[in-house]
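# Geometric and topological summary
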Amino acid sequence: MKHVLLAVSGPSGVGKGTMVKTIIERRSDVVESVSCTTRPPREGEVHGKHYFFLSREEFERRIQEDDFLEYDEHFGNYYGTPKSFVRETLKTKSVIMEIDVVGSLEAKKSFPECKLVMVVPPSVDELKRRLSGRGSETEEQIQGRLARMEYELSHKHLYDYIIVNDDLEKAIADLCKIIDGE
Ligand code: 5GP
């Protein structure tokens, strides 16, 4: 059985995190990719599980060695997906990365076998309802997320697969079919 690397993107609130988490709980042949970061570990975070915590020097050395599928800086720290980890893991399992559109497109450039999956809501109105329903964000934050969503959805045509998350179990089954069919 061939193992695949999937980059799963989609607007905030679309349910991609739940889909990925459920698949990883149910299937022993699929794991989530572990990123590298230069930010210090938070309480309870484990090196090699939540992230690989690296010094800035080490991270920059690995950038020079071309060891990242993609990397970016957030809040003054580097974050990146290590090629070495992905390559090694793909020998025995499929790997899912939950990643934004920019990171996905970068990853595809440096690792063309990577399949890009976008999870979309049944409708923009439905996503607005879900975001408002969470009650965890201010109106301004919701507007920011909606603007980001328009941006993400405008890249749909660059993706290998689109999954409409109308029904969670069906969306999970669709993602499993992509893993098994590749
Ligand atoms: P946190 O420090 O809260 O764990 O993550 C901060 C930000 O870094 C989040 O937006 C998260 O999605 C992003 N991030 C985590 N890992 C990676 C990665 O491997 N690559 C990129 N480009 N961003 C990442």
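Remember, it's a predicted structure, so these values are computed and weren't measured experimentally. (Residues numbered from 1 in each chain as written. Predicted model: local features only at pLDDT ≥ 70, side-chain atom pairs only at ≥ 80, totals over all residues. Heavy atoms only, no water.)

For the pair helix α5 (residues 124-134) and helix α6 (residues 139-153), interaxial distance at closest approach is 11 Å and the crossing angle is 150°. One element, α5, and the other, α6, form an angle in the roughly antiparallel class. Crossing of α5 against α6: the hand is right-handed. Two secondary-structure elements touch here, α5 through Val124, Leu127, Lys128, Leu131, Ser132 and Arg134 and α6 through Ile142, Arg145, Leu146 and Met149. Here the contact of α5 with α6 is built from residues that sort into six nonpolar, one polar and three charged. (Axes fitted to C-alpha atoms, helices over the stretch in contact; angles between N-to-C directions. Helix = DSSP H or I, 4+ residues; strand = E, 2+ residues; numbered from the N terminus. Parallel < 35°, antiparallel > 145°, perpendicular 65-115°, else oblique. Left-handed = near helix turned anticlockwise from the far one by under 90°. Contact = heavy atoms within 4.5 Å. Nonpolar A, V, L, I, M, F, W, Y, C, P; charged D, E, K, R; others polar.)

Its place among the elements puts Arg42 in the loop between β3 (35-37) and β4 (51-53). Sequence separation between Arg42 and His3 is 39 residues; the distance between their C-alpha atoms is 32 Å.

So, on to the sheet that holds strand β7 (residues 94-98). Judged by pairing direction, the sheet is parallel, and its five strands sit side by side in the order β2-β7-β1-β8-β9 without closing on themselves. Each edge of the open sheet carries a strand with a single partner, namely β2 (30-32) and β9 (161-164). Averaged over all adjacent pairs, the angle separating strand axes in this sheet is 25°, with direction ignored. By the bridge criterion, four bridges tie strand β8 (residues 115-120) to β9 in an arrangement that is parallel. Counterpart to Met118 in the pairing with β9 is Ile162. Its contacts with the sheet put helix α4 (residues 101-110) on β1 (5-9), β7 and β8, and the angle it makes with β8 is roughly 160°. (Pairing = 2+ DSSP bridges.)

The computed volume of the largest pocket comes to approximately 940 Å³. Elements represented by at least two residues in the lining of the largest pocket include exactly β1, β5 (68-74), β6 (77-82), β7, α4 and α6. Broken down by element, the residue count for the lining of the largest pocket peaks at four residues, all from β5. Residues belonging to the lining of the largest pocket are distributed by class as follows: eleven nonpolar, ten polar and 13 charged. (1 Å grid on protein atoms, 1.4 Å probe; cavity = no way out; pocket = protein on both sides within 12 Å on 5 of 7 lines; lining within 4 Å. Points joined across faces, edges and corners; volume = space filled by probe spheres on them.)

Moving on to the sheet that holds β3. Note: strands within a sheet are paired through backbone hydrogen bonds, in either parallel or antiparallel orientation. The sheet built from four strands is open, its strands ordered β4-β3-β6-β5 with mixed pairing. Pairing within the sheet leaves two strands with one partner each, and these edge strands are β4 and β5. Strand-to-strand twist in this sheet, taken as the mean axis angle between neighbours without regard to direction, amounts to 25°. Most of the contacts of helix α3 (residues 83-90) go to β6, to which it runs at about 25°, and overall it touches β4, β5 and β6.

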